[in-house]
Every structure is written in C-alpha cells, then in structure tokens.
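Structural features, examined
The lines below spell out each chain.
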Amino acid sequence: MGAETISRVRARPVVVPMARPLRTASGSITAAPLLLFDVVTDGGVTGRSYVFAYDAALLPALASVAGELAPGLAGKALAPGARMREFQARFRLPGLQGVAGMVVSGVEMALWDALGHLTGLPVATLLGGEPTPLRAYDSYGMIDPVREEQALRGSVESGFQAVKIKLGHPDAARDVEVVARVREIIGPDVELMVDYNQSLTPQEARRRLARLDGFGLYWVEEPVQAEDLAGHAYVRRTTNIRVQTGENWWFPAGCHAAIAAGACDFAMFDIMKIGGFTGWTLAAGQAEAASLPVSSHLFVEASAHAMTVTPSADWVEHLDLAGAVVREPHRPVDGRITARGPGLGIAWDDEAVAAYTPRF
C-alpha cells in the first residue's frame, strides 16, 4: 500500500481550559470537551483535526462511534469526498445529525489535513484558494462591561474591527444597558454583533430588538431556537436588525431549508455540523446563490481555510477552543486570521493532551 492510504484512525478525548470561558443565556462553558483525531497513513503521515462536544457527557459516545468507524477506513484512500459519501450511505437510516455527524466531519477534516501534509500545501490551496488575511471578530460571552472594559479595549487596540457579545439576561433592560456600554467602549467605527443563543420566543425577540435598534448592530444571532426557521423569518420581517443563523445547520440540507424559509440575512457555518470541507463548499454555493454573506463558527484553524473558497465570505469568528493542546495556537494579527499549513497547520502538544485527558 502507498502513503495515500489510511493505516489507522485514533480518537482521543480531552477537556481543556478555555482562554475565554463563555457564559450564554442557554448555559455556560468553562472548559472545552474536544475529541482529537489522528488519521495515520501507511507512509507515516498524520492528519489531525478536532471536534467540540459542548458537553463532556458526549465525549464517550463520540469516541465510541469513532472507534467503530476506524477499522472500516483502513486501507482506503485519502479521498475526503468519497469517504463522506460512504459515511452518508452508512448512516442513511439513523441520519447524520448529532454524534455521528460530528464524528464523520472530524474524520473528513483530518483526511484533508493528511493530504496537505503529503503535498506540503495548506488545505486552502488544495481547495483551490490561497491563504490570505481574513477579517475576524473577537467573540465574547455574556459580559459585565465594567469588569471586562479593558479586555474590550484590548480587542479594539489589537486591530479587531468587530466584536460579538452574548445577550439574554432575564431583564431586557440589562441587555440594553450592556449593549449601550459596550458600544461606548468600542466606539462607533467597530462593528458590534449580539448573540441570544436561541433563548427568546419570536415575540420577545421582536420586543427586545426594538429596544436595541439604535446601537448600529451588525447582526442579531440566533434570537430564537435554531430549528424554528419560521420564527427566525418572523423576527427578520418585524425588526430592523439583520438576522444571523446557521451554526446549528446540519449538512448542506440545513442551509437549503433556511434559505427556503427566508430565515436569515446572513449564514454562519460550523464546519463540524455542516459536514467538513465537503459539506461547507456545497453549502457555500447555496449561500452565494441566495446572496447570503457567510461567517464561520468556532474551529478557527479549519474555518480559515474554508473561508478562502467561500464566495460570499464575511467574518471569521475568533474564539480559541483548542489552544491549550496545540503547539502553536492560531492567533489573529491586526484583527485578521490567515490559514496556516501544511494541511490545517495543527500539531498536538502531547504533554498537554495527556494532562487534559479525562478519566471516564
């Protein structure tokens, strides 16, 4: 067998501290439960990627599914699209949403990384693009602007032209107070996005957004439950603030359904849920046809590559999930993110991986 075939697949769970813990209206995340993938070829090349479980309780299930898939990949070519079609066929009856979809996307990204190492090229180049500095926004959770004023000022001073904060306080007046103070801190020339993390009803979203109308918000993200496409469309029709959604679309079909429902003004792809690079590129074509600007959700290392071949690329989200377990965390420069190579530009810090491995 040649170096272009898969020898083995390893999946390792870790729970790592986050550089910036996230408090949201739908729950808080202080540590990132990740599943790390290593796809090793017969020639000794390793492709790496990771997925984000959100809740550590899902890590054993993710690792179990990965372990079941691994033997069936041995001896097969590093062909991400072909392997994804096989995964889709295998999971046709149960569907690819949830744990299965997260695992196959992780494998797919690791295959691309392995191809990058074999060729010495970044994945962006393999996809037909090229690594270029992409504008990024600095992503925060629910914040106290008094305590985090210096952090916000630091974001602006480091070159970010956009900042996102999460909202959804029990009292709507507190949302208004926070937005007003953050706008004052970052100034009128820095874009400000807000994210409700699915915490409102459509009617409450309309009421709250009317009170936020004067702050020049770039978008409101997931004001209602992600699957409520009619609710998103209602908010879009009845407010003046543009609606962002998409991080919970599963595979390109999710993008198609949202476009058909008129659910949003923007699209946000999560590379783990949209189906790796294979699903991303298919969804990006739909977004371009619908004139939807596309931003990324999490996974900055991989998303930076995918965004280079996204015709309607808008913003890259800067939020560090895996920095504690990679040798060189992906840092923005002057508020911009540039894809690194070869492959995805990921190398594990093995000592950190060992230190953050949970005991189930």
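Since the model is a prediction, treat every value here as computed from it, not as a measurement. (Residues numbered from 1 in each chain as written. Predicted model: local features only at pLDDT ≥ 70, side-chain atom pairs only at ≥ 80, totals over all residues. Heavy atoms only, no water.)

Next up on the list: the pattern of salt bridges. Counting across every chain of the model gives 21 salt bridges. A salt bridge links Lys164 to Glu317; the nearest nitrogen and oxygen atoms lie 3.3 Å apart. Within this pair, whereas Lys164 is found in strand S5 (residues 162-166), its partner Glu317 is found in strand S11 (residues 316-318), the two being separated by 153 residues in sequence. This pair shows no difference in class: Lys164 is buried, exactly as Glu317 is. Close ionic contact of Arg236 with Asp265 constitutes a salt bridge, the shortest N to O distance being 2.9 Å. On the criterion of sequence distance, the pair formed by Arg236 in helix H8 (residues 229-238) and Asp265 in the loop between helix H9 (251-261) and strand S9 (266-269) is long-range, its members being 29 residues apart. (Salt bridge = Lys/Arg side-chain N within 4 Å of Asp/Glu carboxyl O. Helix = DSSP H or I, 4+ residues; strand = E, 2+ residues; numbered from the N terminus. Buried < 20%, exposed > 50% of the residue type's maximum accessible area, 1.4 Å probe, protein only.)

Okay, empty space enclosed by the protein next. What the rule picks out here adds up to one cavity of 30 Å³ or more. Its volume calculated, the largest cavity comes out at about 40 Å³. If you trace the largest cavity, you find it lined by Ser49, Tyr50, Met109, Ile271, Phe299, Glu301, Ala302, Leu344 and Ile346. Mapped onto the lining of the largest cavity, the elements with two or more residues apiece are strand S3 (46-52) and helix H12 (300-307). Per-class residue counts for the lining of the largest cavity are seven nonpolar, one polar and one charged. Lining the lining of the largest cavity are residues from two domains, each supplying at least three of them: domain 1 (5-123 + 351-356) and domain 2 (125-337). (1 Å grid on protein atoms, 1.4 Å probe; cavity = no way out; pocket = protein on both sides within 12 Å on 5 of 7 lines; lining within 4 Å. Points joined across faces, edges and corners; volume = space filled by probe spheres on them. Nonpolar A, V, L, I, M, F, W, Y, C, P; charged D, E, K, R; others polar. Domains from an automatic or database assignment.)

Counting 110 residues, the largest nonpolar core has Leu34, Tyr50, Ile165, Leu212, Phe269, Phe277 and Trp280 as the members making the most contacts within it. It is helix H3 (residues 99-119) that provides the largest number of residues to this core, a total of 11 residues. Three or more residues apiece are contributed to this core by two domains, here domain 1 (5-123 + 351-356) and domain 2 (125-337). Among all residues touching Phe269, those that are not within four sequence positions of it are Trp249, Cys255, Ile274, Trp280, Ala283, Ala284, Ala287, Val294, Ser295, Ser296 and His297. Counting eight residues, the second largest nonpolar core, distinct from the first, contains Tyr137, Ala162, Met193 and Met268. (Core = buried A, V, L, I, M, F, W, Y, C linked by side-chain atoms within 4.5 Å. Contact = heavy atoms within 4.5 Å.)

Turning to the packing of aromatic side chains, a few remarks are in order. Applying the stated criterion across every chain, the model contains 10 aromatic pairs. On the numbers, 4.4 Å between centres and 35° between planes, the contact of Phe52 with Tyr54 is tilted. Overall, Tyr54 belongs to the partly exposed group, its relative accessible area being 30%. Ring geometry for Tyr218 and Trp315: centres 6.0 Å apart, planes at 90°, overall edge-to-face. (Phe/Tyr/Trp six-rings, centres within 6.5 Å; stacked < 30°, edge-to-face > 60°.)

Each full turn of the α-helix corresponds to 3.6 residues, which orients residues three or four apart in the same direction. The complete set of buried residues in helix H5 (residues 149-157) reads Glu149, Leu152 and Ser155. For H5, the buried positions fall inside an angular range of 125° around the axis, keeping them on one side. Exposed residues pointing more than 90 degrees away from the buried face of H5 are listed as Gln150 and Glu157. Positioned one or two residues after H5, Gly159 has a phi angle of 115°, which is positive. (Arc of directions from axis to C-beta.)

This part covers the layout of surface pockets. What the largest pocket holds in volume is close to 450 Å³. Only strand S1 (6-24), strand S2 (27-41) and S5 provide two or more residues apiece to the lining of the largest pocket. Its residues assigned to classes, the lining of the largest pocket shows 12 nonpolar, nine polar and eight charged. If you count residues domain by domain, the lining of the largest pocket takes at least three from each of domain 1 (5-123 + 351-356) and domain 2 (125-337). By volume, the second largest pocket is sized at about 210 Å³. Contributing to the lining of the second largest pocket are Gln88, Phe91, Arg92, Gly95, Leu96, Gln97, Trp250, Phe251, Ala253 and Gly254. If one sorts the elements of the lining of the second largest pocket by residue count, H9 sits on top with three residues. Per-class residue counts for the lining of the second largest pocket are five nonpolar, four polar and one charged. When residues of the lining of the second largest pocket are assigned to domains, at least three map to each of domain 1 (5-123 + 351-356) and domain 2 (125-337).

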